[in-house]
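Structural description and commentary
Spelled out, the chains give:
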Amino acid sequence: MRVMKFGGTSVGDPDRIGTLCDIVAAQANTRPVVVVSAASRVTDMLLKAVQHAVATGQADDAALVARVTGLLAAFDLPRDLIAAELDGLHEALEHVAAARAATDADTDRVASYGERISVRTVAAVMRARGLEAEAVDAFDAGMLTDDHFGAAEPLPQSEPTLRATLEAYRARGVVPVVTGFIGKTLDGRVTTLGRGGSDYSAALVGAALDADEIEIWTDVPGVMSADPRVVPEAHTIDCLSFAEA
C-alpha cells in the first residue's frame, strides 16, 4: 500500500483538486491513505489573523472564509461541510482578540484549521466523484505529540494507534484523507509539527502502516539545481541519491 501526500498548491484551486482526485482514483485498488496540507496561502492567512487579533483586539477571518468557501463553491458543495471548523476558528480568534495576546498553543490551535478544512473539502470532492473517502483529523487517528507547540514531536504511542485506526478505514474500502501538520497533546491541546510538517506527517503515517511507498506529490516537475527565480539557467535534476537529496 502507499501513502500519498499532497501539498498546499495541489489543493489550492479547483483544477488541482480535480487532478488530485484523478490521481488517487487511479490508485484506488491499492487502498491508499491520503495526507493533505492546507490550501495554498491559507496557513499564512491564519497566522496573519492571529497577529491582527493581537494588534487590534478584533477577530477578522473574512478573507480566510472567502478563500476556503470559494473552493467548496467551485464544486457546488455546501458551506455546512466546514461550518463546525469555521465556528471553531472564529472562537479561537475571538479568544486571542479578547486577550490581545497569543500563546504558542493559541497560534497552533488557529493554524490547525487550514488542514482541518482542507481534508473535509478534498474528501467531499472525492465522494462527489464516486470515490469512497472520509476526512480524518490526524489527532483523532492517534497522532499524539509532546507540548512543544509550533514544532511538536510525536509520542511513541502514536504509531500503533495510527495503524489500527487507518487500517480500519482501509478494511472498509474507504480512502482516509488525513490532516498533515497537526496532532494533539495527551491533555487534548492541538499542536503543529512545524512548517512543512505535512511531509513529516506522511512519513509518520507511512511508518505506522509499514507502507510500500510514501509519495510526495507536488505541482513542479522535479528538484532543480537552484531557484530558477534567482538562477535563470537552473535545470531539473534527473536523479538524486538519498544523501544528495
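One structure accompanies this document, and this report is about it.

Reading the values: rules and limits
Think of each chain on its own: its residues are numbered from 1, step by step along the sequence as written. Residue-level local features of this predicted model are given only where pLDDT is at least 70; pairs of side-chain atoms are given and counted only at 80 or more, and the full residue set underlies all totals for whole chains, interfaces and linings. The side-chain quantities take in all heavy atoms of the structure and omit both hydrogens and water. Helix and strand definitions here come from DSSP, where helices need a minimum of 4 consecutive H or I residues and strands a minimum of 2 consecutive E residues; each element is numbered from the N-terminal end. Here a helix's expected span is defined as the number of its residues, less one, multiplied by 1.5 Å. For each residue, the accessible area found with a 1.4 Å probe, counting protein chains only, is set against the maximum for its type, and the residue is called buried under 20%, exposed over 50%, and partly exposed in between. Any two residues whose heavy atoms approach within 4.5 Å are treated as being in contact. By the convention used here, strands pair only if DSSP detects at least 2 bridges between them. Where helices are involved, their axes are fitted lines through C-alpha atoms of the stretch in contact, as for all axes, and angles between N-to-C directions lie from 0 to 180°. The crossover handedness rule: strands pointing away from the viewer, path from first strand over the helix to second strand clockwise, crossover right-handed. Lining residues are those with an atom within 4 Å of a point, where the points come from a 1 Å grid over the protein atoms alone and group into cavities, where a 1.4 Å probe fits but cannot get out, or pockets, open sets with protein on both sides within 12 Å along at least five of seven lines. Grid points are joined across faces, edges and corners, and a volume is the space filled by probe spheres set on the points. Any pair of Phe, Tyr and Trp rings, taking the six-membered ring for Trp, is counted once the centres come within 6.5 Å. Such a pair is stacked with planes under 30 degrees apart, edge-to-face with planes over 60 apart, and tilted for the rest. We call a charge positioned above a ring when the Lys NZ or Arg CZ atom is no farther than 6 Å from the ring centre and deviates by at most 35 degrees from the ring normal.

1. A closer look at helix H3 (residues 62-74)
- Here H3 spans 18 Å end to end across 13 residues, near enough to the 18 Å set by a 1.5 Å rise per residue.
- Buried residues of H3: Leu 64, Val 65, Arg 67, Val 68, Thr 69, Leu 71 and Leu 72, and no others.
- Summarising the contacts, the buried residues of H3 are in contact with helix H1 (14-26), helix H2 (42-56), helix H4 (83-99) and helix H6 (113-128).
- The positive-phi residue at the C-terminal boundary of H3 is Asp 76, with phi of around 55 degrees.

2. Digging into the side chain of Thr 43
- Turning to its location among the elements, Thr 43 is positioned in helix H2.
- If near-sequence neighbours (up to four positions away) are discounted, Thr 43 is found in contact with Ala 38, Glu 115 and Arg 195.

3. As for the sheet that holds strand E3 (residues 133-136)
- The sheet built from 5 strands is open, its strands ordered E3-E4-E2-E1-E7 with parallel pairing. Two strands in the sheet have a free side with no partner beyond their single neighbour: E3 and strand E7 (213-217). Between one strand axis and the next, the sheet turns by 20 degrees as a mean value, whatever way the strands run.
- H1 rests against strand E1 (2-6), strand E2 (33-36), strand E4 (175-179) and E7 of the sheet, and its axis sits at about 175 degrees to E1.
- Sitting on the sheet, helix H9 (residues 197-209) touches E1, E2 and E7, and the angle it makes with E2 is about 160 degrees.

4. Comments concerning the pairing of E2
- The alternating pattern of E2 places Val 33 and Val 35 and Val 34 and Val 36 on opposite faces, both of which are buried.
- The β-α-β motif built from E1, the intervening H1 and the parallel element E2 has right-handed crossover chirality.
- Pairing between E2 and E4: 3 bridges, direction parallel. Each residue of the ladder has a partner; that of Val 36, found in E4, is Thr 179.

5. Describing empty space enclosed by the protein
- Applying the stated rule across the entire model yields 1 cavity of 30 Å³ or more.
- Looking at the largest cavity, its volume works out to about 60 Å³.
- Val 11, Ile 17, Ala 39, Val 42, Val 68, Leu 71, Gly 114, Ile 117, Ser 118, Thr 121 and Val 122 together form the lining of the largest cavity.
- Elements with a minimum of two residues in the lining of the largest cavity: H3 and H6.

6. A look at the packing of aromatic side chains
- Evaluation of the coordinates by the stated rule reveals 1 aromatic pair.
- When the centroid spacing of 5.9 Å and the interplanar angle of 15 degrees are considered together, the rings of Phe 6 and Trp 217 count as stacked. Taken together, the residues Phe 6 in strand E1 and Trp 217 in strand E7 connect sequence positions 211 residues apart.
- On the basis of relative accessibility, which here comes to 2%, the residue Phe 6 falls in the buried class.
- Geometry around Tyr 113 places Arg 116 over its ring, the cationic atom sitting 4.2 Å from the centre.
- The positively charged end of Lys 184 is found above the aromatic ring belonging to Phe 139, 4.3 Å away from the centroid.

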